[in-house]
Amino acid sequence: MKKYSTLFNFVAAAVCFTGSIAQASTLMPDQPKDVQYCTASGVSQDEWIESINIDGVVKKSGQPGELNHRNGYSDFSNQVIELTSGYITLTPGYRLNRYPEHWRIWLDLNQNGVFEDDEMLLDDLSGEGEVKGKLAIPQVTEPLLTRMRVSMTYEGASESACGDVGYGETEDYTVLLGGSAEADIPNVCSQEAPYTGRTLTNGKAVCMPDSAPNYLSIGNSDKYQSIAISTGHGSGNLSLYAKNGGWPKTDGSDPSSTKSGNGECVIIKTPSSYWTYITVTGAKSAASVVVDLGATSCRGSTDTPDPTGNNGYQYDSVNILVYRFEFTDAPFKWDTLEQDLQKVNEYYKEQSYGRFNVTYDLSQPVIRINESKSKYDNDFHAWRNLYESKIRQTGVDPSNPGAANIIMMTAPQVGNFNSSAGPPLMSIYHHTPGVVAHEMGHAMGLRHAKAVEAGPGKVIGTGDIDKESLNYGNVYSMMGMGAHTLEEYNLMYKSYFGWLTDSEVPLINSSGVYRIYAFDYGTRSGTNAPGYIGLKLKSGNGAYTYWVEYRTTHYRYKNTKNGVLLNLQGYMENEKDPDFWKHTSHLLDMTPGSLTPGKDSPWALIDQTDSELVIGKTYTDHWGGFRITPIAKGGVEDSAQAWIDVKVEML
């Protein structure tokens, strides 16, 4: 019998099903219509299949009770995945504690409705968290469209693909084997203005407006056996939804395609109504869409998303869509909301040196939940599902609110849930400008600014991320411990937004003495510094980048005026969510072990409060690329003219 902790493990990022139909760019074969598959069931209230990733196609199926989840079984067979190499990542979800889970996957290769022993493509891959493996995909002589069953069980691997699996969950999908490329989508945005109409013409690609959502339709659908809808080109990460006879739902229950990037495909079979309706959501720019009546395959995508993840924020602005909630026993109270949002706007103007703009939309009235707040105080998932559904009813998809938009849900604090965020939504329960500014960083794709704790006398250790990476470890930075006092973003994270130029923070390749100015006195007029505001240095092995900054303002730690801070990029990174930046900053402590948590302070991060490389001290690159020594400071203290000279010796 399982024993559960009373602690609630909070999940920060919003989770929803985003099933995607593969870019099936060959003639789409039919599945036998008379095949009936055996039933499966289980107990999935405490553990479930959170997501699967096959060849880069991610399906986040979420918690029990959402969408098709019922009694340990979820049917997503209306979604198609194209199998190519068969590399797979499987992620469990838990209500409370983590448990070892066992995974098996079958494929009905002969399409007889039975998952036979020799049709098992993955055999008992197990672990408590995310696991990775490779499917034993067979060779096929012609395209094959058939059923795939994924089983996750707690008490050992399931003996059969059918029946009660006990604790765990079973999910069904449709997969395509043997696809091949054909016609391309024209890049019409390079030649035409964005399409302002609503009705598409068969076979004619149009350029979609960058704003989203987009609502389109195609007539004469019932005269054809199938419809292929294809998107591609441009940049961003759009999602495609379609339905014959009515507007599609954007929760994954209607045909959809939500792969990373703009290359999406939806196939509608045997349409019975004259009109087919299309909804496109998500942040995008210069993307094309085309509908081919009678086609059984999508056009080949020209979109090539970076498989390693998010490479940087794409826009020079962000718009906050604000949704306020209250309960029968807890009214919404944030009298200074608009003033605080304006403070956030000013903060980002200064942080970006005038290169970024924040706007906000308060047009939505307060949404009243006609229930007591106490109903949700101990049920985060029910509360999240409720407020996301209320947002969706306003016509905005919480997972894809459109280009350069993020969502702010704010309410009286439910339970003891913290304010949190994951692209593109933030949940704000603590009503201060600093909390909003910090969570906005997450909603736009940044993780926390972390630090390395390698032990006494060691600036860098073995690279064991579980032991050495300190969450919130950059005690100086907005994305670390600096939220409440609106501290400066570190330079590395400013680069994510494109707020820096190479002439302001150059990459140093030769020995010399370099003067850098305080970067934390910028305004909307610019950096206000007469020279460099930072340096970049590559590690000796070429794999990592050091960011050297001169930060002189902090409400508590004043010794930054006497040295430089180094943040390391590329070290101890394992970002798997493509919505987040693939890089995480790690602050290096230049006096490791000087302060001890529990002895010098009860605070776990006390040792990071003297991380400066002070004047006269030298740091040698762990991988032997250079030595760096601050040697003097001057200029006008407490201004953008304050400077520090740094000696760099290339090794």
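About the thresholds
Residue positions are given per chain, counted from 1 along the sequence in the order it is written. Predicted model: local features are reported for residues with pLDDT of at least 70 only, side-chain atom pairs are reported and counted for 80 or more only, and whole-chain, interface and lining totals are derived from all residues. Side-chain numbers here rest on the full set of heavy atoms in the structure, without hydrogens or water. Every residue carries a pLDDT, the predictor's confidence in it, which falls somewhere between 0 and 100. Between two residues, a contact is recorded if the distance between any of their heavy atoms is within 4.5 Å. Put simply, DSSP marks the helices as runs of H or I at least four residues long and the strands as runs of E at least two long, and each gets a number from the N terminus on. Note on classification: 1.4 Å probe, protein chains only; a residue is buried when its accessible area is under 20% of the maximum for its type, exposed when over 50%, partly exposed between these limits. Two residue types count as positive, namely Lys and Arg, and two as negative, namely Asp and Glu; His and chain ends fall outside the count. Throughout this description, the term salt bridge denotes a Lys or Arg side-chain nitrogen within 4 Å of a carboxyl oxygen of Asp or Glu. Pairing of N or O atoms within 3.5 Å defines a polar contact, subject to two protein rules: one partner must be a possible hydrogen donor and the other a possible acceptor, and residues neighboring in sequence count only if both atoms are side-chain atoms. Strand pairing follows a simple DSSP-based rule, namely that at least 2 bridges must link the two strands. When the centres of two rings from Phe, Tyr and Trp lie within 6.5 Å, Trp using its six-membered ring, the rings pair. Their planes under 30 degrees apart give stacked, over 60 give edge-to-face, and anything left gives tilted. Each ring is checked for a lysine NZ or an arginine CZ that lies within 6 Å of its centre and within 35 degrees of its normal; such an atom marks a charge sitting over the ring.

1. Brief notes about the confidence of the model for the protein chain
On average, residues of the protein chain carry a pLDDT of 87, and 90% of them reach 70 or more. Segment residues 65–69 is flagged for pLDDT under 50; beyond a separation of four residues in sequence, or across chains, it makes 20 contacts in the model. In this model, residues 302–308 is a region of pLDDT below 50 whose contacts with residues beyond four sequence positions or in other chains number 14 contacts.

2. A short note on the side chain of E171
With respect to the helices and strands, the residue E171 is situated in strand β10 (residues 163–177). The side chain of E171 sits in the buried core without any salt bridge; K59 is the nearest counter-charge, 8.8 Å away. Looking at E171, its side chain comes within polar contact range of the side chain of Y173, at 2.5 Å.

3. What about the sheet that holds strand β20 (residues 288–293)?
Read across the sheet, 4 strands follow the order β11-β20-β13-β17 without closing on themselves; strand pairing throughout is antiparallel. Each edge of the open sheet is held by one strand with a lone partner, namely β11 (206–207) and β17 (265–269). Bridging between strand β13 (residues 226–232) and β20 involves 6 bridges; their strand directions are antiparallel. Within β20, the position partnered with I229 by the bridge is V291.

4. Describing the packing of aromatic side chains
According to the stated counting rule, one finds 37 aromatic pairs in the structure shown. Ring centres of F76 and Y173 lie 5.6 Å apart, and the angle between their planes is 40 degrees; on these two criteria the pair is classed as tilted. Note that F76 is positioned in strand β4 (residues 73–83) and Y173 in strand β10, a separation of 97 residues in sequence. The class for F76 is buried, based on a relative accessible area of 0%. Consider the rings of Y348 and F356, whose centres lie 6.0 Å apart with planes at 45 degrees: the pair is tilted. Here Y348 and F356 have matching classes, each one buried. Members of the aromatic cluster, each reached through a chain of ring pairs, are Y313, Y315, Y347, Y348, F356, Y489, Y493, Y496, F497, W499 and W581. A cation over an aromatic ring shows up here: R447 above the ring of F580, its NZ or CZ 3.5 Å from the ring centre.

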